[in-house]
Amino acid sequence: MNNQRRNILKYGAILGAMPIISKFSVFSNLIGAEISSVSSGLVKNGVVLNATHWGMLNITVKDGVIVKSEPYQKVSGIYNSLQYTVPDSVYKSRIKYPMVRKSYLENPDSPKPELRGKDEWVRVRYEDAIKLVARELKKTRKEHGDESIYAGSQGWKSSGNMHSSTILLHRFMNLTGGAIVTMGNYSTGAVSFTMPHVVGSIEVYEQQTSWPVVLEHSKVVVIWGANPILTLKIAWTTTDELGYKYFEELKQKDIEIVVIDPIKSETVKYYDKCTHIPIRPNTDVAMMLGMAHYLYTSGKYDKDFIESYTYGFDKFLPYLLGQSDGIAKTPEWASEICKISADTIRALADKFKDNRTMFISGWSMQRAHHGEQPHWMLIALASMIGQIGLPGGGFGYSYHYANGGVPTCKGGVITGINKGKRGNFDENGNFIGTQKTDASQEWEQKAKKHNFPAPRIAEMLLNPGKVIDHNGKKITYADTQFIYWAGGNPLTHHQDLNMLVKAWRKPRTVVVNEIYWTPTAKMADIVFPITTSFERNDIVMSGEYSNMHIVPMKQAIEKLYEAKDDYQVFSDLCKAYADGLYEEYTQGGKSEMDWIKEFYNSAYEQVKAIPDLTVDMKPFDEFWAENKPVIFSSTPESDEYVRYAKFREDPILNVLGTPSGLIEIYSDVVANMHYDDCMGHPAWFEPAEWLGMKDKPAEFHMVSSHPADRLHSQLNYASIRDNYAVANREPIWINKKDAQKKGINDGDIVRVFNKRGEVLAGAILTDDFGEGIVKLNEGAWYDPDENGMCKNGCPNVLTIDIPSSKLANGNIAHTALVNIEKFTGKEPELTAFSDPKFA
């Protein structure tokens, strides 16, 4: 503590000497004065309701300490291990104080970015960190322009409509002059840019045909490239958990279940009587093409649906029949690629055509090289089957995510804080308002030129000025000098992390708002410690599709250490940056509770305006004191909802958002882009790495699935890790025969490697998939040694960082070959969850 005090005094003197334009006569008021605390009303002993991505939770507090968490309600019998982890979320791996990297603090004008991740950290006063960030951000804008600022926030930020780190960051950046942001995301990077050309909407986040309809009318349910029994543990806001209830009911129904997946997943094991098709990884398009060829040549496809509801089938047909490239896409051709017999391909096609069939597709297939193709081809196949728009037929792309298909409820919808308007400044840097001007419109056009697809961040940082193709347009990478990241952990979730580390050390300044000492926080220059959602108040709705509950997210304990809410950090930065920004950002100094009450009251007024709606929705103060969610109910109309039913009923009155108004099996728009890696129709492209290639660069296909006991990299630090870690490493599943050949036994530490990097993992031998495949779950915190080898088994050290295609530029995390061998060296110490070095 004495050393810490000396450092605070030493570096406080450095910071105090820094000039800054903004006035600080009122800085003493920043810390909590205008952003009021409600801690006086905390429950010291008792149960508090809160919400996380993994559900509504009862938080038990004893003497002001969280001792337990458990589900608020049990909707299904499927166990969710994440719901019991709150104490670890609050008390483990926390960033306790504002920190600045030593070399950066000593000379921000020459900050030695190559030392990020290696340098020591210095504790500073919160107000000095605020000064430093405001000063350096303003300096960067002046010297390099607003486009040199990147507001990064790709990840699963905390639940809650008030404390949304992504929105709060972008609100701050917009107000202070603008910043470059990303387009799309890692989850649906390929398909979300493809579907508008095919069905006229983003599709992957749309409501699905309701579960009651599926359970009543479907005869076959095909779960293709999805693992809902695992992925429905979570939701983007907070899960209503009803997806599990419906998947339970599916098991009890007389409905045939087919699961197409390279591995025997949790879903395959749950539906123990299902038909499991263990397809070779990355070959789904070939299998679909084989079915389509069989249906067409046998005359079994639905010609009427194709002619009435689709466009371009005649332009797709020459490719399917091999007239354009000399390769007919027969079941035999497909079998050679996907390693499923031609007879099975034909039998499945007959089954799907002869029975009311619902295709439940996940997103894993499109996180691959040429990931634009699988979902496009699945829609083409579903169109040939002809059941789109019929009860229990067609396709759905979000049954596995956030409880898609749960009927939408009727009631009020909570609003949230928004990204605000872009601020305008005079030549002296004084804030002059947010009105629309020619200058701000000019900036918006410039931002569109520089905003880039989310998975291209490393390429962007390494190649300023490079021009790339994206969805028919040109994007020019900006020269990024300043990164501000709030929410997310790119130094784990991005591909080819050794490349990203090089890229991350290029900008002059990296600021991170973070709760934990994640790999990303350790690779920053300035870090603000942020509160967990259990140390602040918020409000959220459960169910992205159902809108079933309004949930009070009650603060359970006092803020720990020197953690601040993101809202306070950005509000204080506004005050430090320029006069007038604070009032604009906070709308006159609103507290968190002011915003939360406003959001609730908006929904309350919506409910009161709906005739004959019977809902037990109380005025805000009563709702907040009661500590219970508001519950809305579905309607007969939402219970009976069938996606594309209106389109099927009348495709002229209910046109889709495509140029033809129909499902576009062939897109003239895409074809006219003339890309060499994406045609105007779905097609089979050989991936950059796959098991069927000649001269394989490595031996095994690595499947990097969603983990069972965390949300991506969230909770990797939690004690739940003790249940799955092997030799204190991330587990890797290896086929027993492959392991025997390599001399690997259960529990051995193995080295997994390819030309991009190497990781250590703990071996588990399995029969859940065939030879030539290994499974290493995504989300393990990147923990490199001095040579870049990850000691914690993060698979993204090994994945490829190239785009899916020029159309969408999605990530291809599921396209990667690796080698594996028993590790014989000295076991390195795991440091993933330890504090970094402090000065």
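Here is what the cut-offs are and how they apply
Residues numbered from 1 in each chain as written. Predicted model: local features only at pLDDT ≥ 70, side-chain atom pairs only at ≥ 80, totals over all residues. Heavy atoms only, no water. Helix = DSSP H or I, 4+ residues; strand = E, 2+ residues; numbered from the N terminus. Rg over C-alpha atoms; globule rule 2.2 N^0.38 Å. Buried < 20%, exposed > 50% of the residue type's maximum accessible area, 1.4 Å probe, protein only. Contact = heavy atoms within 4.5 Å. Areas by Shrake-Rupley, 256 points an atom, 1.4 Å probe, with all protein chains shown as cover. Lys, Arg positive; Asp, Glu negative; His and termini not counted. Charge placed at Lys NZ, Arg CZ, Asp CG, Glu CD. Pairing = 2+ DSSP bridges. Axes fitted to C-alpha atoms, helices over the stretch in contact; angles between N-to-C directions. Phe/Tyr/Trp six-rings, centres within 6.5 Å; stacked < 30°, edge-to-face > 60°. Lys NZ or Arg CZ within 6 Å of the ring centre and 35° of its normal. Arc of directions from axis to C-beta. Core = buried A, V, L, I, M, F, W, Y, C linked by side-chain atoms within 4.5 Å. UniProt positions renumbered as here; feature names shortened; annotations may be inferred. Parallel < 35°, antiparallel > 145°, perpendicular 65-115°, else oblique. Left-handed = near helix turned anticlockwise from the far one by under 90°. Domains from an automatic or database assignment. Buried area = accessible area lost by both parts, 1.4 Å probe. Salt bridge = Lys/Arg side-chain N within 4 Å of Asp/Glu carboxyl O.

With respect to the overall build of the protein chain
- Counting its regular elements, the protein chain contains 29 helices and 33 strands.
- Against the compact-globule benchmark of 28 Å for 839 residues, the protein chain has a radius of gyration of 27 Å, which places it among compact chains.
- Projected onto its principal axes, the C-alpha coordinates of the protein chain cover approximately 80 × 70 × 55 Å.
- The buried share among the 839 residues of the protein chain stands at 64%.
- Residue pairs in contact within the protein chain that sit at least 24 positions apart in sequence constitute 76% of those at least 6 positions apart.
- Counting every atom, the protein chain has about 30300 Å² of accessible surface; 48% of that belongs to carbon and sulfur.
- Positive and negative side-chain charges of the protein chain, numbering 93 and 102 respectively, have mean locations separated by a distance of 4 Å.

Side note on the sheet that holds strand β2 (residues 55-62)
- With antiparallel pairing, the three strands of this open sheet are ordered in space as β1-β2-β3. In this open sheet, the two strands that pair with only one neighbour each are β1 (46-52) and β3 (65-71). Within this sheet the neighbouring strands show an average axis-to-axis angle of 30°, counted without direction.
- Pairing analysis gives seven bridges linking β1 to β2, with the strands arranged antiparallel. Within β2, the position partnered with Leu49 by the bridge is Asn58.

Observations concerning the side chain of His681
- Checked against the element boundaries, His681 lands in the loop between α28 (668-671) and β28 (700-703).
- With near-sequence residues (within four places) excluded, His681 lies in contact with Lys315, Phe316, Tyr319, Gln373, Trp376, Ile665 and Tyr666.

Looking at the side chain of Gln481
- Following the sequence through the fold, Gln481 ends up in the loop between β19 (473-476) and β20 (482-486).
- Contacts of Gln481, omitting those with residues within four sequence positions, involve Thr140, His144, Ser148, Pro507, Arg508 and Thr509.

Topic: the sheet that holds strand β23 (residues 538-542)
- Taken in spatial order, the three strands make up an open sheet running β23-β24-β25, and their pairing is antiparallel. Two strands close off the open sheet at either side, each with one partner strand: β23 and β25 (630-631).
- Sheet topology note: the strand β24 (residues 549-553)/β25 ladder contains two bridges and is antiparallel. In the sheet register, His549 faces β25, and the bridge partner there is Ile631.

Section: the packing of aromatic side chains
- Counted by the stated rule, this structure contains 45 aromatic pairs.
- The rings of Phe305, Tyr309, Phe395, Tyr397, Tyr644 and Phe647 are connected pair by pair, giving a single aromatic cluster.
- A cation sits over an aromatic face here: Lys329 above Tyr319, 3.8 Å from the ring centre.

Regarding the pairing of strand β18 (residues 467-470)
- Burial along β18 is one-sided: Ile468 and His470 are buried, while Val467 and Asp469, pointing the other way, are not.
- Where β18 lies against β19, four bridges are found, and the strand directions are antiparallel. Paired with Asp469 across the bridge in β19 is Lys474.
- Where β18 hands over to β19, the hairpin turn is made up of two residues, of which Asn471 adopts a positive phi near 55°.

What to know about helix α13 (residues 313-321)
- Buried residues of α13: Phe313, Phe316, Leu317, Tyr319 and Leu320, and no others. Here the buried residues of α13 occupy an arc of 170° about the axis, which is enough to place them on one side.
- Of the surrounding secondary structure, the elements contacted by the buried residues of α13 are α11 (284-297), α12 (303-309), β11 (310-311) and α16 (373-385).
- Two residues or fewer past α13, Gly322 is found with a positive phi of approximately 85°.

Regarding the nonpolar core
- The biggest cluster of nonpolar side chains holds 194 residues, and the ones touching the most others in it are Trp224, Met287, Phe359, Tyr484, Phe528, Ile550 and Met617.
- With near-sequence residues (within four places) excluded, Phe359 lies in contact with Val222, Trp224, Phe352, Leu378, Leu381, Ala382, Ile385, Gly394, Phe395 and Gly396.
- Counting residues in each nonpolar core, the second largest holds 53 residues, with Leu500, Ala503, Ala524 and Val797 among its members.

Quick look at the UniProt feature "binding site: Mo-bis(molybdopterin guanine dinucleotide)" (unreviewed entry) in the protein chain
- UniProt records the feature "binding site: Mo-bis(molybdopterin guanine dinucleotide)" (unreviewed entry) for Trp156, Arg367, Asn489, His493, Arg536, Asp566 and Asn796 in the present numbering. Spanning 641 residues, the named residues do not form one spatial group; their C-alpha atoms are separated by as much as 35.3 Å.
- With residues up to four places along the chain from it excluded, the contact list for Asn489 reads Gln154, Thr518, Pro519, Thr520, Ser713 and Trp781.
- For Asp566, a relative accessible area of 5% translates into the label buried.

Things to note about helix α9 (residues 242-252)
- Those residues of α9 that fall on the buried side of the exposure criterion are Leu242, Gly243, Tyr244, Tyr246, Phe247 and Leu250.
- Those residues of α9 that are buried are in contact with α7 (211-217), β8 (220-224), α8 (228-231), β9 (256-260), α10 (266-270) and β12 (357-361).

What about the packing of α11 against α16?
- It is at 9 Å that the axes of α11 and α16 come closest, and there the two elements cross at 20°. Put simply, α11 runs roughly parallel to α16. Judged by the sense of rotation from one axis to the other, the crossing of α11 with α16 is left-handed. Each of Val285, Met288, Leu289, Met291, Ala292, Leu295 and Tyr296 in α11 lies in contact with α16, whose residues at this interface are Gln373, Pro374, Met377, Leu378, Leu381, Met384 and Ile385.

Observations regarding the domain arrangement of the protein chain
- By domain assignment, the protein chain separates into domain 1 (99-186 + 412-633), domain 2 (192-400 + 650-673) and domain 3 (700-822).
- Summarising the inter-unit geometry, the C-alpha centres of domain 1 and domain 2 are found 37 Å apart.
- The interface is formed by 19 residues belonging to domain 1 together with 17 residues belonging to domain 2.
- Carbon and sulfur atoms supply 57% of the area that domain 1 and domain 2 bury against each other, a total of about 1600 Å² over both sides.
- Taken as a group, Trp156, Glu544 and Tyr545 account for 38% of the area that domain 1 buries against domain 2, more than any other trio of residues on that side.
- At the junction of domain 1 and domain 2, the tally comes to zero salt bridges.

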